[in-house]
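Structural overview for review
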Amino acid sequence: MPMLMTALILAQTAMGHPNTPETPEPVCVRAGDLPREFAAWDAPAAARLAVGRPSILRAQSPSAIRWAVRGKAGNGALASFTVARAGPYRIGLSNAARVDVVRGGKALESIAHGHGPICTGLRKIVDFTLPRGTYVLQLSGMPADETKVMIAAK
């Protein structure tokens, strides 16, 4: 039996099993698949990161970034955003990069982590409670040259 399990694991890895970090999330959105707060996920990407609109962040090499806080090894990206109303917010990503929300030189604690629905292109969701103000979104360990990001009020 252990030999069979090993063979199954190797076969799934070779086929790009959905649980392997290198496998891109398939995109085949159907009406109702996305959480309501991410209804604009498929809208054209905004040039600047803003609450309620998707944006594309491009990976840079670690040596080119002035990190806000220590992140995960590998490429990353930084972008600022402003929250006009205090409350819970969700940050959705198209891949499994590490998410840090930074204010005053400190990373804020997240309140939840999860995955978006399979087949939507929304791979990772991290929730934060944010007071009004301006923040830095720091992505690190980016597995792709670009990451689609959306910050949504919950």
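Before going into details, it helps to say that this report is about the structure given with it.

Parameters at a glance
Residues numbered from 1 in each chain as written. Predicted model: local features only at pLDDT ≥ 70, side-chain atom pairs only at ≥ 80, totals over all residues. Heavy atoms only, no water. Helix = DSSP H or I, 4+ residues; strand = E, 2+ residues; numbered from the N terminus. Buried < 20%, exposed > 50% of the residue type's maximum accessible area, 1.4 Å probe, protein only. Contact = heavy atoms within 4.5 Å. 1 Å grid on protein atoms, 1.4 Å probe; cavity = no way out; pocket = protein on both sides within 12 Å on 5 of 7 lines; lining within 4 Å. Points joined across faces, edges and corners; volume = space filled by probe spheres on them. Nonpolar A, V, L, I, M, F, W, Y, C, P; charged D, E, K, R; others polar.

1. Considering the environment of Asp 145
Residue placement: Asp 145 occurs in the loop between strand E8 (133–140) and strand E9 (146–153). With relative accessibility at 64%, the residue Asp 145 sits in the exposed group. In sequence terms Asp 145 and Arg 58 are 87 residues apart; their C-alpha atoms lie 5.8 Å from each other. Sequence-distant contacts of Asp 145, defined by excluding residues within four places in its chain, comprise Leu 57, Arg 58 and Ala 59.

2. Remarks on the layout of surface pockets
Put simply, the second largest pocket is a space of about 160 Å³. For the lining of the second largest pocket, the elements supplying multiple residues, two or more each, are strand E4 (98–103) and strand E7 (124–130). Here the residues of the lining of the second largest pocket sort into 5 nonpolar, 2 polar and 4 charged.

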